[in-house]
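Here is what each chain is made of, one letter per residue.
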Amino acid sequence: MNNIPTDNEVILGILNNSESVLKRLYLAYFPMVMQLIINNNGNEDDAKDIYQEAIIIVYNKIKAGDFELSSKLKTYIYSICRRLWLKRLSQINRYGGDIKDFQEYLVVEEDTENHNERDLQFTKMGSALQLLGEPCKTIIEEFYINNKSMQDICEAFGYTNADNAKTQKYKCLQRLKKLFFQQ
Amino acid sequence: MVEQKLLELIERYLNGELNSEELARFELLRQENTDLNERIQTHKQFTDTIKHYGERIELEKRLNAFHQEIDVHALKEELTVHPMWIVKLWRNHHSKISVAASIAIFTVLMTLIVSGYFNNRETNYVQLKGQVAQIQKAVNGLKTHNSISHSNNILKTSNFRGTGFAISSNGYIVTNYHVINNADSVYVENANGKSYHTKVIYTEPETDIAILSVDDTAFKNLGNVPYNIKKGESNIAENVYTLGYPREAIVFNSGYLSATTGFTNDNALDSTSYQVSLQVNPGNSGGPLIDSRGNLIGVISAKATRMEGAHFAIKSSYLLKAIHDIPSDSLNKPLNINSRNTLAGLNKEQQVNKLKDFVFMVKVFKQ
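All values reported here derive from a predicted model rather than from experimental measurement.

Peer 1: Can you walk me through the overall build of chain A in this structure?
Peer 2: When helices and strands are tallied, chain A shows 8 helices and 0 strands. In sequence order, chain A lays out its α and β elements as α-α-α-α-α-α-α-α. In chain A, which comprises 183 residues, the proportion classed as buried is 32%. Taking all contacts inside chain A whose residues are at least 6 apart in sequence as the whole, residues at least 24 apart take part in 63%.

What follows is the structure, encoded as structure tokens:
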């Protein structure tokens, strides 16, 4: 179970929503990234953050179907983490201009830039949802994320009829849009 | 209310929930209303963002769950590049080490300053300069010695030696003025080691000529002087030789006449001298310069010191002039200049053999 999955296994596994493959992938390369971060002015929490970001980038890239394996997946992940960590270091002024490398690496700026843009959207969405408050937040999440039907929501929230629930959902969505675009 | 209905319609359309009748109506509406397409797009984008956001949160939860299974601390220990003990020592104690080093450097500097180390260095340097100057001086001195001249230098020694030669059988001897200059007493010593006291009866500093007269009762008549003093000038390239006392014994040296003029220290021409090329040493000053036929053509001297191998001899005509110029009251005995050359037919060895009794070491004593 803990053996390192082949690169093709990873791609097929993620496309097929395989939990076990994702886990094997996660466990396989974390030590490599940990080594990079803790030996370049970072700690284990930094390593976790950076590594998870990298895995998300890989995951989304595979899901979006535009993942072309031009190098080993290991090298790709290392390169992403290296790039992300360099950026983080320069943001917190801990970057001394030199990074100690443990692997060969690729130029992956485009991928990390795309990821950053999406990340920004999600951060905005997250805070907009927080500001929205209950019950709106749950209604929106249930309907738009968890694909619950209006009937289910109506019952769960105890609305007397579906129309009331729909009106409520409509109002919630309008407020969320407002909060989201205000930021 | 209309807005809400419209949005509901859009959502149902996007979810594919419209029945065929509704779909036909909606498509018609899309064609009529150009704004509608844009609204559909915007709504889709926004709801997608919500959906992807949810997925992201979900994914992060899963990843965090995986992360729980990793023993991060053990991994950290394992992966940290353990630096060498000296690097660790430095990292842990670098402030202390820095302070210690600063104090050490400061102490050393203070000690050096207090003990005058830097001053000494400077003195050493000056000393070195002095030494160099001394060496230069010595080299110059050597040069002057080599080229015989420089009376001042030489005469500072309390006991100095030159060469002289007889011009008459009764003890008139010619030498260089610079040899006997400032002397308290002058003695001449012959090849057999016998010394006689002399008196300086005439000097000519400008031609560097001095004439001595032996006033010692032990002095015996020398017999006829074998060489004559040449009146005219000699030719360039003529073979010449000299006898002298550069050391305790009489020394023979031969060479040739290089030029019929000499020159002074400031490169001015000196028509009173010949330039000769022969090896002479300080003690040779005042020695006779003899040509191959046994004529005395000059008195070894040296006024220039800067040219390697260039030595000078005062022309014999100036010697004759000097002899002529001796005031008659200075002569304590008759001075008869020999005009007969008895060396002419002899070979060099025979010449020298005869000559050596007429060449004296001039010993000068100063306080």
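Peer 1: Looking at this structure, I do not really get the interface of chain B and chain A. What am I missing?
Peer 2: Much of the literature gives interface size as the accessible area that the parts lose upon coming together. At the junction of the two partners, chain B supplies 25 residues and chain A supplies 28 residues. With 14 residues, the single largest contributor to the side of chain B that touches chain A is helix α3 (residues 34-68) of chain B. Grouping the constituent residues of the side of chain B that touches chain A by class yields 12 nonpolar, 6 polar and 7 charged.

Peer 1: Help me out: how do you make sense of the pairing of strand β7 (residues 239-244) of chain B in this one?
Peer 2: A regular strand places its side chains so that they alternate between the two faces of the sheet. Residues and elements named next belong to chain B. Buried residues dominate β7, accounting for 5 of its 6 residues. Direction of pairing for β7 relative to strand β8 (residues 251-259): antiparallel, over a ladder of 6 bridges. Looking across to β8, one finds that Thr242 is bridged to Asn253. Taking the residues that link successive antiparallel strands as the turn, the β7-β8 hairpin has 6 residues. When β7 meets strand β12 (residues 288-291), the two strands line up antiparallel, connected through 3 bridges. For Thr242, the partnering residue across the bridge sits in β12 and is Leu289.

Peer 1: Got a minute to help me understand unusual backbone geometry in this structure?
Peer 2: Outside of glycine, negative phi angles account for most residues, and trans bonds account for most peptide bonds. The peptide bond linking Glu134 of chain A to Pro135 of chain A adopts the cis configuration, its omega dihedral lying at 0°. Relative to the assigned elements, Pro135 of chain A resides in the loop between α5 (109-132) and α6 (136-145). A positive phi angle, near 55°, is found at Asn147 of chain A, a position not held by glycine. Turning to its location among the elements, Asn147 of chain A is positioned in the loop between α6 and α7 (150-157). Given 11 C-beta atoms within 10 Å, Asn147 of chain A falls into the exposed group. Of note in this structure, Asp208 of chain B is not a glycine but carries a positive phi near 65°. Structurally, Asp208 of chain B is set in the loop between β4 (195-204) and β5 (209-214). With 26 C-beta atoms counted inside 10 Å, the residue Asp208 of chain B sits in the buried group.

Peer 1: How should I be thinking about the pairing of strand β14 (residues 311-315) of chain B in this particular structure?
Peer 2: Residue and element names in this part refer to chain B. Judged by how many residues are buried, β14 sits mostly within the fold: 5 of 5 residues are covered. Here strand β11 (residues 273-278) pairs with β14 via 4 bridges, running antiparallel. Counterpart to Ser273 in the pairing with β14 is Ile314. Bridge analysis of strand β13 (residues 295-301) against β14 gives 4 bridges, and the strand direction is antiparallel. Residue Ser301 lies in a different strand from β14, and its bridge partner there is Phe312.

Peer 1: What exactly am I supposed to notice about the environment of Asp101 of chain A here?
Peer 2: Mapping Asp101 of chain A onto the fold places it in the loop between α4 (73-91) and α5. Placed 19 residues apart in sequence, Asp101 of chain A and Arg82 of chain A show a C-alpha to C-alpha distance of 8.5 Å.

Peer 1: Is there a simple way to think about the nonpolar core in this case?
Peer 2: Side chains of nonpolar character tend, in soluble globular proteins, to be buried together. Ranked by internal contacts, the top residues of the largest apolar core, which has 50 residues, are Ile173 and Ile209 of chain B. Core analysis: the next-biggest nonpolar cluster, separate from the first, contains 30 residues, Tyr29, Phe30, Ile37 and Ile56 of chain A among them.

Peer 1: Looking at this structure, I do not really get the packing of α4 of chain A against α5 of chain A. What am I missing?
Peer 2: In a packed pair of helices, the relevant descriptors are the angle between the two axes and the axis-to-axis distance. All names here are of chain A. With their axes 10 Å apart at the nearest point, α4 and α5 run at an angle of 60° to one another. Note on packing geometry: the crossing formed by α4 with α5 is right-handed. On the side of α4, the interface is formed by Ile80, Arg83 and Leu84, while α5 contributes Glu109, Asp111 and Thr112.

Peer 1: Quick question: what am I supposed to make of the environment of Thr112 of chain A here?
Peer 2: All names here are of chain A. Secondary-structure assignment places Thr112 in helix α5. On the basis of neighbour counts, which here come to 20 C-beta atoms within 10 Å, the residue Thr112 falls in the buried class. For the pair Thr112 and Ser79, spaced 33 residues apart in sequence, the C-alpha separation works out to 10.0 Å. Beyond its immediate chain neighbours, meaning those up to four positions away, Thr112 contacts Ile80, Arg83 and Leu84.

Peer 1: Got a minute to help me understand the confidence of the model for chain B in this structure?
Peer 2: Residues and elements named next belong to chain B. On average, residues of chain B score 80 in pLDDT, and 84% of them reach the 70 mark or higher. A low-confidence stretch, residues 123-130 stays under pLDDT 50, and its non-local contacts, those more than four residues away or across chains, total 0 contacts. pLDDT under 50 marks residues 143-158. Its contacts with residues more than four places away, or in other chains, come to 33 contacts. Both scores are available for the predicted complex, with the pTM at 0.46 and the ipTM at 0.83.

Peer 1: Just checking my understanding: could you explain the packing of helix α1 (residues 7-15) of chain A against helix α3 (residues 44-63) of chain A for this structure?
Peer 2: All names here are of chain A. α3 packs onto α1 with a crossing angle of 70° between their chain directions and a minimal axis gap of 9 Å. As far as their axial angle goes, α3 and α1 are roughly perpendicular. Residue-level contacts link Ile11, Ile14 and Leu15 of α1 to Tyr59, Ile62 and Lys63 of α3. Its residues assigned to classes, the contact of α1 with α3 shows 5 nonpolar, no polar and 1 charged.

Reading the values: the criteria
All residue numbers refer to positions counted from 1 along the written sequence of the respective chain. Going through the entries in the order they are written, you letter the chains from A and number the ligands from 1. With pLDDT at 70 or above as the cut-off, local features in this predicted model cover only qualifying residues; side-chain atom pairs require 80 or more to be listed or tallied, and sums for whole chains, interfaces and linings still use all residues. Strands here are runs of E lasting at least two residues and helices are runs of H or I lasting at least four, both read from the DSSP assignment and numbered beginning at the N terminus. Here exposure depends only on C-beta density: within 10 Å of a residue's C-beta, 20 or more other C-beta atoms make it buried, 12 or fewer make it exposed, and intermediate numbers make it partly exposed, the C-beta atoms being placed from the backbone. In this description, any two residues whose backbone-derived C-beta atoms lie within 7 Å of each other are considered to be in contact. Any residue outside Ala, Val, Leu, Ile, Met, Phe, Trp, Tyr, Cys, Pro, Asp, Glu, Lys and Arg is labelled polar, Gly included; the first ten of those are nonpolar and the last four are charged. Strand pairing follows a simple DSSP-based rule, namely that at least 2 bridges must link the two strands. Linking buried Ala, Val, Leu, Ile, Met, Phe, Trp, Tyr and Cys residues through C-beta atoms within 7 Å yields a set, and such a set is a nonpolar core. An axis is simply a line fitted to the C-alpha atoms; with a helix, the fit covers only the stretch in contact. Between two such axes, the angle follows the N-to-C directions and lies from 0 to 180 degrees. Left-handed describes a crossing whose near helix is turned anticlockwise from the far helix through less than a right angle; right-handed describes the clockwise counterpart. For every residue, the pLDDT score states the predictor's confidence, bounded by 0 at the bottom and 100 at the top. Should an angle lie under 35 degrees it is considered roughly parallel, over 145 roughly antiparallel, and from 65 to 115 roughly perpendicular; all remaining angles are considered oblique.

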